[in-house]
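Each chain, written out:
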Amino acid sequence: MPNLIITETLTQTQHFNMEQDDRRRNKNLGKNFMCRLQCMFSHSSTSESRLSLEDTQQWSQSLERLLESKYGLATFRTFLKSEFSDENIEFWLTCEEYKKIKSSFRMSSKAKKIYEHFIKAEAPKEINIDYHTREQIKRAVKNPTLQCFDDAQKIVYGLMERDSYPRFLRSDIYRSLLESLATDAVKG
């Protein structure tokens with residue numbers, strides 16, 4: 001009987017220590033990630049361009065709000081890469097860049113690359129779209145316009161909004177970043 005009590009006490013102590021280690025690790029994760037983000041954008045040293053608790057909290061209002069923030073976008077991309085599911089955000093960002101193209105030659109070349117990389121069945125970063133949309137894009141890429149990827153981009157945005165974005169808000173990376181910023185805000 002005494003051995004059983006000692007074993008239970010040791011197990012409870014180990015469990016408590018593991019929880020403390022997890023909290024410490026998450027706190028460090030937030031601090032480390034915050035430092036990496038700020039180093040990525042270190043050329044922006046003005047106070048309004050620094051990562052703040054208020055901005056980070058606003059990421060939870062909408063996916064659009066998150067993607068409008070350079071820190072939010074970088075954090076979301078890092079999260080998606082950690083889950084091996086970054087094809088949607090990469091496609092969405094590539095489409096945003098594609099829409100800025102002025103040259104018809106560049107547009108044609110870029111449209112074919114986007115199709116090969118994201119749309120085509122078995123593409124390296126194949127996105128999850130329906131057959132009809134895939135076939136529509138396949139035809140449109142032959143004579144591309146700035147809007148030829150719009151339908152797929154809307155589908156992908158919807159998938160991120162319904163699936164990836166809520167997971168991001170529950171993730172250790174986001175929660176520990178918030179916690180780290182809140183701790184820093186209290187310290188002043």
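Summarised in this report is the structure supplied together with it. Here the residue numbering is sequential within each chain, running from 1 through the sequence in written order. With the structure being a predicted model, the display of local features is reserved for residues of pLDDT at least 70 and the display and counting of side-chain atom pairs for 80 or more, all residues being used for whole-chain, interface and lining totals. Each side-chain value is worked out from all heavy atoms of the structure, with water and hydrogens disregarded.

### Notes on the packing of aromatic side chains
Two aromatic rings from Phe, Tyr or Trp, using only the six-membered ring of Trp, form a pair when their centres are within 6.5 Å; if the ring planes differ by under 30 degrees the pair is stacked, by over 60 it is edge-to-face, and anything between is tilted. Counted under the stated rule, the structure contains eight aromatic pairs. Look at Tyr 98 and Phe 149: their rings are 5.2 Å apart centre to centre, the planes differ by 85°, and that puts the pair in the edge-to-face class. Highlighted residues: Tyr 98 in helix α5 (residues 87-98) and Phe 149 in the loop between α7 (131-140) and α8 (150-170), separated in sequence by 51 residues. A residue is classified by how much of its surface remains accessible, and Tyr 98, at 1% relative accessible area, is buried. Secondary structure elements follow DSSP: runs of H or I no shorter than four residues count as helices, runs of E no shorter than two count as strands, and numbering proceeds from the N terminus. Relative accessible area decides the class of each residue, using a 1.4 Å probe on protein chains only: under 20% of the type maximum gives buried, over 50% gives exposed, and in between gives partly exposed.

### Quick look at the packing of α8 against helix α9 (residues 172-187)
Where α8 meets α9, the axes come as close as 5 Å, and the angle between the chain directions of the two elements is 45°. Accordingly, the angle class assigned to the pair α8 and α9 is oblique. Across from Phe 168, Leu 169 and Arg 170 in α8, the residues of α9 making contact are Asp 172, Ile 173, Tyr 174 and Arg 175. Polarity classes work like this: nonpolar for Ala, Val, Leu, Ile, Met, Phe, Trp, Tyr, Cys and Pro, charged for Asp, Glu, Lys and Arg, and polar for all others, with Gly in that last group. In terms of residue class, the contact of α8 with α9 is made up of four nonpolar, no polar and three charged. To obtain each axis, a line is fitted to C-alpha atoms, and for helices this fit is confined to the stretch in contact; angles are then taken between N-to-C directions over 0 to 180 degrees. For this classification, under 35 degrees means roughly parallel, over 145 means roughly antiparallel, 65 to 115 means roughly perpendicular, and everything else is oblique. Contacts were defined at the residue level, with two residues in contact if any of their heavy atoms lie within 4.5 Å.

### Some remarks on the pattern of salt bridges
It is possible for side chains bearing opposite charge to pair when their charged atoms get close. When a carboxyl oxygen of Asp or Glu is within 4 Å of a side-chain nitrogen of Lys or Arg, the pair counts as a salt bridge. One pass over the structure, following the stated rule, counts nine salt bridges. Here Lys 100 ties to Glu 97 by a salt bridge, and the two come within 3.2 Å at their closest N and O atoms. Relative accessible area serves as the criterion here: at 54%, Lys 100 is assigned to the exposed category. In this structure, Lys 120 engages Glu 116 in a salt bridge whose closest nitrogen and oxygen atoms are separated by 3.3 Å. Overall, Glu 116 belongs to the partly exposed group, its relative accessible area being 41%.

### Observations concerning the nonpolar core
Take the buried Ala, Val, Leu, Ile, Met, Phe, Trp, Tyr and Cys residues and link them wherever side-chain atoms come within 4.5 Å; each set so joined is a nonpolar core. Formed by 41 residues in total, the largest nonpolar core has its most connected members in Phe 76, Ile 89, Phe 91, Ile 119 and Phe 149. Counting residues per element, the ones that place at least two in this core are α3 (63-68), α4 (70-82), α5, α6 (104-119), α8 and α9. Leave out the neighbours within four places in its chain, and Ile 89 touches Leu 67, Leu 73, Phe 76, Arg 77, Leu 80 and Met 160.

### Topic: unusual backbone geometry
Non-glycine residue Phe 84 carries a positive phi angle of around 55°. Note that Phe 84 resides in the loop between α4 and α5. Despite not being glycine, Glu 122 has its phi angle at roughly 70°, a positive value. Among the structural elements, Glu 122 can be located in the loop between α6 and α7.

### Thoughts on the environment of Pro 166
Summarising the element assignment, Pro 166 is placed in helix α8. On the basis of relative accessibility, which here comes to 23%, the residue Pro 166 falls in the partly exposed class. A C-alpha to C-alpha distance of 8.7 Å links Pro 166 and Ser 60, two positions 106 residues apart in sequence. Ignoring anything within four residues of it in the chain, the contact list for Pro 166 reads Met 160 and Glu 161.

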